[in-house]
Amino acid sequence: MNQAANEVILQVALTFDHDAISSDVEKGHRPFDRSIGEFGPRVGLPRILNILARESVPATFFVPVHTAHTWPESLAAIVAGGHEVGCHGWAHEDHAALPPGDERDLIVRQKAALTAAAQNAGYRHPIIGFRAPYWSLSEQTLRHVEDAGFTYDSSLAWEETRITPVRHGDQHTIERSILGTNGSLLEAPISHWLDDWPWFEPGRGGGPASPPSAFAEVALAELRLAHARAAADPTLRSGVLTYTFHPECIGRGSRAEVLEAIIAAGKALGGVHFTRLDAAVHAAK
Ligand SMILES: [Zn+2]
């Protein structure tokens, strides 16, 4: 093995939003819809944790407080697997739809409650990451997230892999936008393109679900290209390519093979380092 083979060229984060039934309960959904969410803690999550353990790959799980309180054994299994736990609402609320005071209060309360639940499950790290449910941010959300003591957010799609500061105080008018100033909160960028949900769960009237091969084609092409770009440009090597999955979605049936294919392709490329987002963000600071 030569030295280049040990070099990290591309960091890849496999992230999972462990929504379970939180959004169904918050929206008052009926039993069948809730059962789709419950597939997550019952089947999808154990399947995913088995794959990650077998492949020795760490990951990040964004967990609504509702999920942590309803399935504490699920949270314990995530912690036992050596994975990161991050915030994702209390009951998967649309933060942008909340009155400003309520939103600030919710962000503080969810961090405290998830920290307590995670510590109860044996978690020995601070909770430093936030991902907005539905990636729905108000103009103030990231200010509140920063004020609540988080280190990073993972809800914006403005970069491919670079970890950059969030910006506060943008002023937008039709004439022009005046961009604000950088905060201390860092952004680990996401892509809706690399999210399992729109491919597989388009919803009522949203057309048929994609076959796993369609999602795999995109997911693997993005991995290969991000690796090639980072190989050519060392400034990209402190970034992270982030996939967004949901246990009830990627963990169902043959879709889980896409997750396995991403891990296998990453290992075959050489220089791919699968990482928790907290580790990637610390390394980028
Ligand atoms: Zn979610």
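Residues numbered from 1 in each chain as written. Predicted model: local features only at pLDDT ≥ 70, side-chain atom pairs only at ≥ 80, totals over all residues.

Draft legend 1. Highlighting the overall build of the protein. Counting its secondary structure elements, the protein contains twelve helices and eleven strands. For 285 residues, the compact-globule formula gives about 19 Å, and the C-alpha radius of gyration of the protein, at 18 Å, lands near that figure. Each principal axis of the C-alpha atoms in the protein carries an extent, and together these give about 55 × 45 × 40 Å. When burial is assessed residue by residue, the protein has 45% of its 285 residues classed as buried. Here the analysis covers contacts within the protein between residues at least 6 apart in sequence; of these, 76% occur between residues at least 24 apart. (Helix = DSSP H or I, 4+ residues; strand = E, 2+ residues; numbered from the N terminus. Rg over C-alpha atoms; globule rule 2.2 N^0.38 Å. Buried ≥ 20, exposed ≤ 12 C-beta atoms within 10 Å, placed from the backbone. Contact = placed C-beta atoms within 7 Å.)

Draft legend 2. Main features of the environment of Ala279. Looking at the element boundaries, Ala279 is found in helix 12 (residues 277-284). Given 16 C-beta atoms within 10 Å, Ala279 falls into the partly exposed group. Note: C-alpha distance between Ala279 and Glu84 (195 residues apart in sequence) is 9.1 Å.

Draft legend 3. The arrangement of the pairing of strand 2 (residues 60-63) in detail. By the alternation rule, side chains of strand 2 split into Thr60 and Phe62 and Phe61 and Val63, which are all buried. Both strand 1 (residues 10-17) and strand 2 contribute to a ladder of three bridges, which runs parallel. Of the residues in strand 2, the one forming a bridge with Thr15 is Thr60. In this sheet, strand 3 (residues 84-87) lies alongside strand 2 in parallel orientation, the contact comprising four bridges. The residue of strand 3 that forms the bridge with Phe61 is Val85. (Pairing = 2+ DSSP bridges.)

Draft legend 4. Representation of unusual backbone geometry in the model. If you check the backbone angles, Ser56 has positive phi at about 55° while not being a glycine. Looking at where Ser56 falls in the secondary structure, it is placed in the loop between helix 3 (31-55) and strand 2. Take Ser56: there are 9 C-beta atoms within 10 Å of it, and that puts it in the exposed class. A positive phi is found at Trp135, a non-glycine position, where the angle reads about 55°. The residue Trp135 is located in the loop between strand 4 (129-130) and helix 7 (141-147) in this model. For Trp135, a count of 17 C-beta atoms within 10 Å corresponds to the partly exposed category.

Draft legend 5. The nonpolar core, seen in detail. By size, the foremost hydrophobic cluster in this structure holds 68 residues, and its most contacted members are Val85 and Leu114. The leading source of residues in this core is helix 9 (residues 212-232), at six residues. Sequence-distant contacts of Leu114, that is, excluding residues within four places in its chain, are made with Val63, Val65, Ala68, Val85, Cys87 and Ile127. (Core = buried A, V, L, I, M, F, W, Y, C linked by C-beta atoms within 7 Å.)

Draft legend 6. Looking closely at the packing of helix 3 against helix 11 (residues 256-269). One can describe the packing of helix 3 onto helix 11 by two numbers: an axis separation of 11 Å at closest approach and a directional angle of 20°. With respect to helix 11, the element helix 3 is oriented roughly parallel. In this structure, the crossing between helix 3 and helix 11 has a hand that is right-handed. Two secondary-structure elements touch here, helix 3 through Arg47, Ile48, Ile51 and Glu55 and helix 11 through Ala256, Leu259, Glu260 and Ile263. For the contact of helix 3 with helix 11, the per-class residue count stands at five nonpolar, no polar and three charged. (Axes fitted to C-alpha atoms, helices over the stretch in contact; angles between N-to-C directions. Parallel < 35°, antiparallel > 145°, perpendicular 65-115°, else oblique. Left-handed = near helix turned anticlockwise from the far one by under 90°. Nonpolar A, V, L, I, M, F, W, Y, C, P; charged D, E, K, R; others polar.)

Draft legend 7. Spatial organisation of the packing of helix 9 against helix 11. In contact at an axis separation of 10 Å, helix 9 and helix 11 are set at 20° when each is read in the N-to-C sense. Here helix 9 lies roughly parallel to helix 11, going by the angle between them. With respect to the hand of their crossing, helix 9 and helix 11 are arranged in right-handed fashion. Contact with helix 9, carried on its side by Pro212, Phe215, Ala216, Ala219, Leu220, Leu223 and His227, involves Glu257, Val258, Ala261, Ile262, Ala265, Gly266 and Leu269 of helix 11 and no other residues of that element. Grouping the amino acids of the contact of helix 9 with helix 11 by side-chain chemistry returns eleven nonpolar, two polar and one charged.

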